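Listed below are the residues making up each chain.
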Amino acid sequence: MPTWLLPENIADVLPSEARKIEELRRATLDNFQLYGYELVMPPMLEYVESLLTGAGQDMDLRMFKLVDQLSGRTLGIRADMTTQVARIDAHLLNRASVTRLCYAGSVLHTRPSGFHATREPYQIGAEIYGHAGLEADAEIQELALATLALAGFPSVRLDLCHAGVLRALIENDPKAAKAEAQLFELLQAKDIPGLRELTAGFNVVTREALLALPNLYGDVETIERARLRLPKLAGVTAALDELQALIKLAGAASITIDLADLRGYHYHSGVMFAAYVPGLPNAVARGGRYDHVGEAFGRARPATGFSMDLRELSRLMPVADRKAAIRAPWGQEAALRGKIAELRRAGEVVIQSLPGHENDQDEFRFDRTLVNENGIWTLKNLG
Ligand SMILES: N[C@@H](Cc1c[nH]c[nH+]1)C(=O)O
């Protein structure tokens, strides 16, 4: 095997793609700042216990682990930055008021989430801590839509779900509580035969409700269907009421409900959403409420947020036009160097041709050149 092969679902990002990702990263972070989100940079790795705190058992399987030569303890490489940011809010900032934080960085997954999915997504996201009301969820959804619009996706469908529905059903039946992890998996896969088998010994009300969940999707009327099909447990009613209220607050043009779309992480505790763009089966952004994570870090804080993978998003964007550039000869002459510096200060790309390498650069399109006319360096259009 050649030594330069990369592991499966791990790839280099080449110049034109890297440029697209970087431009989107800058535009997204600048936009987050306009909404008052402060940038934080959590570490690439932490002690495993800290990364797993409040994160749910699914995180353990998704995380790469290694041994720390300094402490002898096991370290985990982050698979999701959301819980790291919750730790920062809970322990380091210790603010009582609302805190808005954002972040961007690579995460690693032990297994790809789909056949072609990368195991190294570039995660970017925003989180609000300290407000339990739906207004925070509405702001997060608006921000997710604004971010997708920046990336060139103006028509996005938001799929809403609520972790409280399954939680209330599970709390009502000890047998279901024991099978929580499997229930999550089967519901995510909408695997009705599997659900039938697993729920055989559950009480009838829980069983019927769990079997109904995969079919409770569609337009916003689904909430009314859910009220009829699901048991009138306080947790179920509260969750459906919240979904209904959020639909009124959220500005999305197209909203659907899918009460079995639990594909986020197990730490979600309330309203969850996934954003879909035309022509792509996988969600391009996911988010939701996770009030219990701060509690696990010792400071109960309401929390909601969203994140997305910039690599995936930029792959869907059209290829960017090559940037116009100016070709300049190589030279140390003060007048030439002064002219080049002046053009670069004005935002122009000026590339000095190294002797013997006058050909084009892939990422750039030379449309002008610097020529010396009677001792003055002037720009000339290239045909
Ligand atoms: N980090 C979650 C999405 C999220 C951000 N904040 C809350 N939820 C995910 O990757 O699915």
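Calculation rules
- Residues numbered from 1 in each chain as written.
- Predicted model: local features only at pLDDT ≥ 70, side-chain atom pairs only at ≥ 80, totals over all residues.
- Heavy atoms only, no water.
- Helix = DSSP H or I, 4+ residues; strand = E, 2+ residues; numbered from the N terminus.
- Expected span 1.5 Å × (residues − 1).
- Buried < 20%, exposed > 50% of the residue type's maximum accessible area, 1.4 Å probe, protein only.
- Arc of directions from axis to C-beta.
- Contact = heavy atoms within 4.5 Å.
- Near = heavy atom within 4 Å.
- Polar contact = N/O pair within 3.5 Å; in protein donor to acceptor, adjacent residues only side chain to side chain.
- Nonpolar A, V, L, I, M, F, W, Y, C, P; charged D, E, K, R; others polar.
- Pairing = 2+ DSSP bridges.
- Axes fitted to C-alpha atoms, helices over the stretch in contact; angles between N-to-C directions.
- 1 Å grid on protein atoms, 1.4 Å probe; cavity = no way out; pocket = protein on both sides within 12 Å on 5 of 7 lines; lining within 4 Å.
- Points joined across faces, edges and corners; volume = space filled by probe spheres on them.

(A) Quick look at helix H1 (residues 15-34). With 20 residues, H1 should cover 28 Å at 1.5 Å per step; its first-to-last C-alpha distance of 29 Å lies within 8% of that length. Taken together, the buried positions of H1 are Lys20, Ile21, Leu24, Thr28, Leu29, Asn31 and Phe32. Summarising the axial view, the buried residues of H1 lie within an arc of 160 degrees, below the 170-degree limit, and thus occupy one face. Of the residues in H1, the exposed ones pointing more than 90 degrees away from the buried face are Pro15, Gln33 and Leu34. Contact partners of the buried residues in H1: strand E1 (38-39), strand E5 (99-106), strand E6 (122-129), helix H5 (134-150), strand E12 (303-309) and helix H14 (310-316). One or two positions beyond H1, positive phi appears at glycine 36, with a value near 95 degrees.

(B) Expanded view of the site of the ligand. Not every one of the 14 residues close to the ligand is listed here, only the nearest: Asp80, Thr82, Glu127, Tyr267 and His268. Contact distances for the ligand include 2.8 Å between a nitrogen atom and a side-chain N or O atom of threonine 82. Side-chain polar atom of glutamate 127 to a nitrogen atom of the ligand: 2.8 Å apart, as the coordinates give it. Split by residue class, the shell around the ligand holds four nonpolar, seven polar and three charged.

(C) Representation of the sheet that holds strand E3 (residues 65-67) within the structure. If you trace the three strands from one edge of the open sheet to the other, you get E2-E4-E3, paired in antiparallel fashion. Two strands in the sheet have a free side with no partner beyond their single neighbour: strand E2 (45-47) and E3. Strand-to-strand twist across the sheet, computed as the mean angle between neighbouring axes with direction ignored, equals 35 degrees. In this sheet, strand E4 (residues 74-77) lies alongside E3 in antiparallel orientation, the contact comprising three bridges. Within the sheet, the bridge partner assigned to valine 67 lies in E4 and is threonine 74.

(D) Fine view of the layout of surface pockets. Estimated volume of the second largest pocket: approximately 260 Å³. As for the second largest pocket, its lining consists of 13 residues, and the residues nearest its centre are Ser16, Arg19, Ala320, Asp321 and Glu363. Looking at which element gives the most residues to the lining of the second largest pocket, the answer is H1, with six residues. By residue class, the composition of the lining of the second largest pocket is three nonpolar, one polar and nine charged.

(E) Here's a closer look at the pairing of strand E10 (residues 271-276). The buried fraction of E10 amounts to six of the six residues, a majority that puts the element mostly inside the structure. Every second residue of E10 is oriented toward a common face, with Val271, Phe273 and Ala275 on one face and Met272, Ala274 and Tyr276 on the other, all of them buried. By the bridge criterion, six bridges tie strand E7 (residues 157-162) to E10 in an arrangement that is antiparallel. When the bridges of E10 are listed, arginine 157 appears paired with tyrosine 276. Here E10 runs beside strand E11 (residues 285-289); their pairing, made up of four bridges, is antiparallel. Looking across to E11, one finds that alanine 274 is bridged to arginine 286.

(F) How the structure looks around helix H4 (residues 82-93). Relative to the 16 Å expected for 12 residues at 1.5 Å per residue, H4 spans 15 Å between its end C-alpha atoms, a close match to the ideal helical length. Where burial is concerned, most of H4 is hidden: nine out of the 12 residues are buried. Taken together, the buried residues of H4 touch E2, helix H2 (48-52), E5, E6, helix H13 (292-296) and E12.

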